[in-house]
Amino acid sequence: MSKFDTVSQRLKDLGFTIYEAKAYVSLLEHHPVTRYELSRNSGVPRSAIYSVIHRLEELGAVSAQSSEPEKYMPLMPDKLFELLSRQFEHRIQAAKKYLQDFEVQIVPDQLWNIVGYDNLILKARELIQKAKEAIYLSIWQREYALLQKDIAKAKKRGVRIFIYSFTELPVESGLEFFCYDLSEKELEKIWAHKIILIVDKEEVLMGEADNLQKKKTVWTTNRALIDIALNHIILDITIFGIRLRRDVSSCVRTMQNGETAYLGKLLSTKHPKIKY
């Protein structure tokens, strides 16, 4: 895909039609131009160029010059994104105002499907950005690279972060890493990428991280599923410690938040001859 087509597709993602996107990108490359020249440069059919320009003028993305024949100039990209941000924020606030009148009852602890790789990463970033106390993460190298900046910001906020991976990750101070440092390419021969992300023991995002097919991952506040996911990471870290002969007991106790000590107390009471 050419750079022209790639940029046009990104604008289409922002609400432009493909013809509007192509016309705007073409104007960035060649301006000022007439409608005929714009149609020829952009590949937008002459039968559609009038309505496309009219729509872009309404949006504020292009401006007509006083000339004969009339020629058009694009709004510069930084100004365009400022304009789009203001318009989008205005629409959000307007919609929010009217939706507040609806009484909506949603079953708590609902499981929500996150469809597609990009949406998975966006949801993971959202959860990391609002973390207050702790993040528990099982991840592959590719996904970690996409979340690394958000994780670093969470660390600066004082969030405690535990990271487990079979793959090699760039170790950073202030984070608790448990990594086997294996080749991601070699592991891809036997396993699919997966992610488990738990934030403040209140929300979990988990599932397959497939960047080629639109797979579903699950996001929920369900207490039982959060515990299952957290215990899965704890077990992985425990096995990691056994395999590499590394003491992970302090980390595991912290992740379990005193549950191990209380369980030990119950077990020693029930089975006093066994040492826990």
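Residues numbered from 1 in each chain as written. Predicted model: local features only at pLDDT ≥ 70, side-chain atom pairs only at ≥ 80, totals over all residues. Heavy atoms only, no water.

Novice: Just give me the short version of the packing of aromatic side chains, but keep the residues and values in it.
Specialist: A full pass over the atoms with the stated rule returns nine aromatic pairs. Relative to Y24, the ring of F16 lies with its centre 6.5 Å away and its plane at 50 degrees, an arrangement referred to as tilted. Each member of the pair, F16 as well as Y24, is classed as buried. Their ring planes at 75 degrees and their centres at 5.0 Å tell us that Y180 and F240 sit as a pair that is edge-to-face. Highlighted residues: Y180 in strand β7 (residues 176-182) and F240 in helix α9 (residues 223-244), separated in sequence by 60 residues. Exposure remark for F240: the relative accessible area of 1% places this residue in the buried category. Among the aromatic residues, those joined into a ring-pair cluster are Y164, F166, F178, Y180, W191 and F240. (Phe/Tyr/Trp six-rings, centres within 6.5 Å; stacked < 30°, edge-to-face > 60°. Buried < 20%, exposed > 50% of the residue type's maximum accessible area, 1.4 Å probe, protein only. Helix = DSSP H or I, 4+ residues; strand = E, 2+ residues; numbered from the N terminus.)

Novice: Any chance you could break down helix α4 (residues 46-59) for me, citing the residues and the numbers?
Specialist: Helix length check: α4, at 14 residues, gives a terminal C-alpha distance of 20 Å against a target of 20 Å (1.5 Å per residue), a fit within 8%. For α4, the complete set of buried residues consists of A48, I49, V52, I53, L56 and L59. Around the axis of α4, the buried residues are gathered within 140 degrees of arc, so they sit on the same side. Projecting away from the buried face of α4 at angles above 90 degrees are the exposed residues S47, Y50 and E58. Elements in contact with the buried residues of α4: α2 (18-29), α3 (35-42), β2 (62-65), β3 (71-74) and α5 (77-99). Downstream of α4 by a residue or two, G60 has a phi angle that is positive, lying close to 95 degrees. (Expected span 1.5 Å × (residues − 1). Arc of directions from axis to C-beta. Contact = heavy atoms within 4.5 Å.)

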